[in-house]
Amino acid sequence: MINVNFLVASIKDQVISWRRHLHQNPELSYHEGDTSQFIYSTLLTSGNLEITRPTKTSVMARLIGKKPGKVVAIRADMDALPVQEETTVDFSSQNPGVMHACGHDAHTAMLLGVAKVFCGMQEDLTGELRFIFQHAEELFPPGGAEELVEAGVMDGVDYIIGGHVWTPLEIGKIGLTYGPMMASPDSFYLTIMGKGGHGAMPHQTIDAIVIGAEVVVNLQHIVARNIDPLDQAVVSVCRFVGGTTNNIIPNKVQIDGTIRTLNPKLREEVPLLLERIVQGITSAHGADYDLKVIKGYRQVLNDESVVRILEETVREVMGNEAIEFVRPSMGAEDFSAYLQKAKGAFFFIGGGNQEKGYIYPHHHPCFMIDEDALQNGMKIFIQAALKLLV
């Protein structure tokens, strides 16, 4: 029987060093040139892998067992965020204004470790493992996952799993969700066009700011009054821009925001409700509007049979107390693109630690994880993949 704990412990220090190197050298979406080269070079030293570059800044490695069988893929994302790091660690970002503030450095290091462990087991493997190192998860549309699917990385794959370090979850915990886990993140861009004029003579204008404010307030009725309370949706206005000075009523305002849904049917309905409100208010005040809704990633919908495998795995390698069944998040993940091609599941790896001060949320300039999460994540990936290959 394979001792997963021993195998992971044997490469713990190396995986941590990889993670710290990546953290020091973050790169933004579609600019992961040095990151992907580091991954490529590291994989070359790991064993008998077939390594390819599906896109300019992504990497995929295949490990083919001695006997035919299932094809199981494991995915890690590698891009960083446009955030100025404010941590005090000695491996903080060396690239001004760029930071691994979401944990993708940890994901990449874990998957490099998983690949290294499996390379030492090739003689005993049945089937094929694919290690997908994905670019541009943070930038959509289209997002790196969609591009990799189009490049063929999922062709012939039976199962795919992915994980995310998660500071809201304490170290030692693994977060599992059956069914819908993360939302579809659609964006809306609204321009309200009125008639500008002097601030002292509002009666001669069609005040786009007042009309826009009325729209913002009424958009809250979509979730509060137009949607079944048992359904989950978010409509948030995140940008309101208009005017140039204190005594001129502008002729237009720009209002942008996000729509988050877990239900595909609701995803189609909310933009219609949004436009109905905008159309009614602007028409009542004699204004015009231009509304664009741009679809982002699909919802992450976990396959229940794969989640059961993950649950069994957590119980075996970390114990019953490690399992945390988590509610769906209205955050988003382009892992959903892979789930259109194969059964799979996404899970959270606890990375928060109150005692060590690792309490900051994702995308925060002080974001940091407990590095023990790297071992926990690798254990789950390795053991779950072995189960899925059978």
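In case you missed it, the structure is sitting above this.
Residues numbered from 1 in each chain as written. Predicted model: local features only at pLDDT ≥ 70, side-chain atom pairs only at ≥ 80, totals over all residues. Heavy atoms only, no water.

A.B. asks: Looking at this structure, how should I read the side chain of Glu85?
C.D. replies: With respect to the helices and strands, Glu85 occurs in the loop between strand S3 (67-77) and helix H4 (104-119). One buried charged side chain, Glu85, makes no salt bridge at all; its nearest oppositely charged neighbour is Arg19, positioned 7.2 Å away. Excluding residues that lie within four positions of it along the chain, Glu85 makes contacts with His23, Ser92, Ser93, Met99, Pro365 and Met368. (Helix = DSSP H or I, 4+ residues; strand = E, 2+ residues; numbered from the N terminus. Buried < 20%, exposed > 50% of the residue type's maximum accessible area, 1.4 Å probe, protein only. Lys, Arg positive; Asp, Glu negative; His and termini not counted. Salt bridge = Lys/Arg side-chain N within 4 Å of Asp/Glu carboxyl O. Contact = heavy atoms within 4.5 Å.)

A.B. asks: Explanation requested: the packing of aromatic side chains in the structure shown.
C.D. replies: Taken as a whole, this structure holds 7 aromatic pairs when the rule is applied. Their ring planes at 5 degrees and their centres at 4.1 Å tell us that Trp166 and Phe348 sit as a pair that is stacked. Here Phe348 lies in strand S16 (residues 343-352) and Trp166 lies in strand S5 (residues 159-170), a separation of 182 residues in the sequence. An angle of 65 degrees between the planes, with centres 5.8 Å apart, marks the rings of Phe335 and Tyr338 as edge-to-face. In this pair, the class of Phe335 matches that of Tyr338, namely buried. Three or more aromatic residues joined by ring pairs make a cluster, and in this case those are Trp166, Phe335, Tyr338, Phe346 and Phe348. (Phe/Tyr/Trp six-rings, centres within 6.5 Å; stacked < 30°, edge-to-face > 60°.)

A.B. asks: How do you make sense of helix H6 (residues 208-225) when you look at a structure like this?
C.D. replies: An α-helical segment advances 3.6 residues per turn. Residues three or four places apart therefore align on the same side. Along its 18 residues, H6 runs 25 Å from first to last C-alpha, staying within 8% of the 26 Å computed at 1.5 Å per residue. Listing the buried residues of H6 in full gives Ala208, Ile211, Gly212, Val215, Val216, Leu219 and Ile222. Buried positions in H6, seen along its axis, are confined to an arc of 145 degrees and lie on one side of it. H6 presents Val217 and Arg225 as exposed residues on the side facing more than 90 degrees away from its buried surface. Buried residues belonging to H6 abut strand S8 (184-193), strand S10 (233-242), strand S12 (252-261) and helix H7 (264-284). Put simply, Asp207 is the residue that caps the front of H6, since its side-chain oxygen is 2.9 Å from the backbone nitrogen of Ile209. (Expected span 1.5 Å × (residues − 1). Arc of directions from axis to C-beta. Polar contact = N/O pair within 3.5 Å; in protein donor to acceptor, adjacent residues only side chain to side chain.)

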